[in-house]
Amino acid sequence: MQDGPPDSLSDLTYCADLVRDADADRFATAMLCPTPGRWRLLALYAFNIEVSKTREAVREPMIGEIRLQWWRDAVAECRAGNPRRHQVVHPLATAMLDSNLPEACFLEVIDARSQDLDDFPPVDEDKLRAYIEGSGGALGELAYRCAVPEADLTPVGLQAGRAAGRAWAWIGLARGLHVHAVMGRHTVPATWLARHPDLSKEVALAKVGAASKAWTEWLVNQARAEFPTVRKGAAKTDKSGQAALAPARLADVYAKRLQKGGYDPYQLEINTLGAARRAWSLLGTSLFGRVV
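Residues numbered from 1 in each chain as written. Predicted model: local features only at pLDDT ≥ 70, side-chain atom pairs only at ≥ 80, totals over all residues. Heavy atoms only, no water.

Novice: Even after reading the chapter, I still don't get the overall build of the chain, so can you show me in this structure?
Specialist: Secondary structure assignment for the chain yields 17 helices and zero strands. Relative to a compact globule of 292 residues, whose C-alpha radius of gyration would be 19 Å, the chain shows 18 Å and is just as compact. Across its three principal axes, the chain shows a C-alpha extent of roughly 55 × 45 × 30 Å. Residue burial in the chain is summarised as follows: out of 292 residues, 54% are buried. Long-range contacts, defined as pairs at least 24 residues apart, comprise 72% of the intrachain contacts of the chain with a sequence gap of at least 6. (Helix = DSSP H or I, 4+ residues; strand = E, 2+ residues; numbered from the N terminus. Rg over C-alpha atoms; globule rule 2.2 N^0.38 Å. Buried < 20%, exposed > 50% of the residue type's maximum accessible area, 1.4 Å probe, protein only. Contact = heavy atoms within 4.5 Å.)

This is the structure:
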């Protein structure tokens, strides 16, 4: 394993700046990880940003699919040790080879993001859970693999990584409810919309009502259901592994803020952590290994 940056300094700086600016919460958790795992996490999270912004980056679903196929091909080339020239791809290739990251997990993430291009909502809650597994769970497993040496990986740890990723993804749906709708991403299942016909209007207007509160509370409860698995894994890993699980810590913080705010998903002050509050929230993870 390398002890320093995985590729050129400019590539790593690009990844670090991208994650810091677009995903400050995950950037803060990556900073908890000692090197060389930190470099790999930054490359992974930069990759996630690149694929997750596909919906807002294109006007036509077909163009979005072409963009995602570009990333599928890039991942395959990384795994083969022949990465294409790109500021995220080269560090990602190093991370993949250093940590023996499974290509299948990357494809889970990309395939889940393909669903963002759909103009229709998930059919039901099970379809939404499958989306969360791909967009969050697979990324969480990859993060754990980036942080923990391959020889130290355990089923408990990998399960915890997936659970932490899912918890963060569930909370992300609550925090981004209105923003996702503005971007054309439909995250509320059709079955739920049928049972709560006022929800679509509330989301479009960012006006809290009984339907928005019920949906937000359900999402928070889904996130909290992941915490026991995360806690079990965190107790059996070191500081590096705990850094990969730390998004669950921030998910817990947001869950408590949403609950305290009456499950109103439209309040910016609830859905955003300042740098000081974020650092304070992660202090227990940094000092004592507490994740949730």
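Novice: What am I meant to see in the layout of surface pockets here?
Specialist: A water-sized probe rolled over the atoms picks out the places where empty space is left. Each pocket or cavity is described by its volume, and for the largest pocket that value is around 950 Å³. Together, 36 residues line the largest pocket, and Ala22, Trp168, Gly172, Arg175 and His180 are the ones closest to its centre. At the level of secondary structure, the elements contributing two or more residues to the lining of the largest pocket comprise α1 (9-22), α2 (24-30), α3 (37-52), α8 (125-147), α9 (155-175), α10 (177-182) and α16 (268-271). The element that contributes the greatest number of residues to the lining of the largest pocket is α9, accounting for five residues. Residues of the lining of the largest pocket, tallied by class, amount to 16 nonpolar, ten polar and ten charged. Here the second largest pocket is characterised by a volume of approximately 250 Å³. Taken together, 13 residues form the lining of the second largest pocket, with Gln115, Phe120, Pro121, Pro122 and His186 sitting closest to its centre. Among the residues making up the lining of the second largest pocket, the classes are represented as six nonpolar, three polar and four charged. (1 Å grid on protein atoms, 1.4 Å probe; cavity = no way out; pocket = protein on both sides within 12 Å on 5 of 7 lines; lining within 4 Å. Points joined across faces, edges and corners; volume = space filled by probe spheres on them. Nonpolar A, V, L, I, M, F, W, Y, C, P; charged D, E, K, R; others polar.)

Novice: Mind showing me how you'd approach unusual backbone geometry here?
Specialist: What you tend to see is this: most non-glycine residues have negative phi, and most peptide bonds are trans. In the segment running from Thr35 into Pro36, the intervening peptide bond is cis, with an omega of 10°. Within the secondary structure, Pro36 sits in the loop between α2 and α3. Phi at Asn100 is positive, roughly 50°, even though this residue is not glycine. As for its placement among the helices and strands, Asn100 is situated in the loop between α6 (89-99) and α7 (103-114). Phi angles above zero are rare outside glycine, and Tyr263 is one such case at about 55°. The topology assignment puts Tyr263 in the loop between α15 (247-260) and α16.

Novice: I'm lost on the side chain of Gln222 in this one. Help?
Specialist: Within the element layout of this structure, Gln222 appears in helix α13 (residues 210-234). In this view, Gln222 contacts Arg129 and Trp170; residues no more than four positions away in its chain are not counted.

Novice: Could you clarify how one ought to interpret empty space enclosed by the protein in this entry?
Specialist: According to the stated counting rule, one finds two cavities of 30 Å³ or more in the structure shown. Around the largest cavity, the lining residues are Arg26, Tyr45, Leu139, Gly140, Ala143, Ala164, Gly165, Trp168, Ala244 and Pro247. Among the elements of the structure, α8 and α9 are those that each provide at least two residues to the lining of the largest cavity. Looking at side-chain class alone, the lining of the largest cavity contains seven nonpolar, two polar and one charged residues.

Novice: Any chance you could explain the side chain of Arg185 here in plain terms?
Specialist: Structurally, Arg185 is set in the loop between α10 and α11 (190-195). A polar contact of 3.0 Å, which involves the side chain of Arg185, links it to the side chain of Tyr131. When neighbours within four sequence positions are excluded, Arg185 is seen to be in contact with Arg55, Arg113, Asp116, Tyr131 and His180. (Polar contact = N/O pair within 3.5 Å; in protein donor to acceptor, adjacent residues only side chain to side chain.)

Novice: In this structure, what is going on with the packing of aromatic side chains? I would like to understand it.
Specialist: Aromatic ring pairs are reported here in terms of the distance separating the ring centres and the angle at which the planes meet. Taken as a whole and judged by the stated rule, the model has eight aromatic pairs. Aromatic ring contacts, followed pair by pair, group Phe47, Trp70, Trp71 and Phe106 into a single cluster. One Lys or Arg, Arg84, reaches over the ring of Trp70 and ends 4.6 Å from the middle of that ring. Between Arg175 and the ring centre of Tyr254, over which it is positioned, the NZ or CZ distance is 4.0 Å. (Phe/Tyr/Trp six-rings, centres within 6.5 Å; stacked < 30°, edge-to-face > 60°. Lys NZ or Arg CZ within 6 Å of the ring centre and 35° of its normal.)

Novice: Just to check I follow, could you spell out the packing of α3 against α8 for this structure?
Specialist: A pair of packed helices is characterised by two quantities: the angle between their axes and the separation of those axes. The interhelical angle for the contact between α3 and α8, taken along N-to-C directions, is 160°, at an axis separation of 8 Å. When the axis of α3 is compared with that of α8, the two are roughly antiparallel. As for how α3 packs across α8, the hand of that crossing is right-handed. Facing α3, whose interface residues are Gly37, Arg40, Leu41, Leu44, Tyr45 and Asn48, α8 presents Leu139, Leu142, Ala143, Cys146 and Ala147. A per-class count over the contact of α3 with α8 returns eight nonpolar, two polar and one charged. (Axes fitted to C-alpha atoms, helices over the stretch in contact; angles between N-to-C directions. Parallel < 35°, antiparallel > 145°, perpendicular 65-115°, else oblique. Left-handed = near helix turned anticlockwise from the far one by under 90°.)

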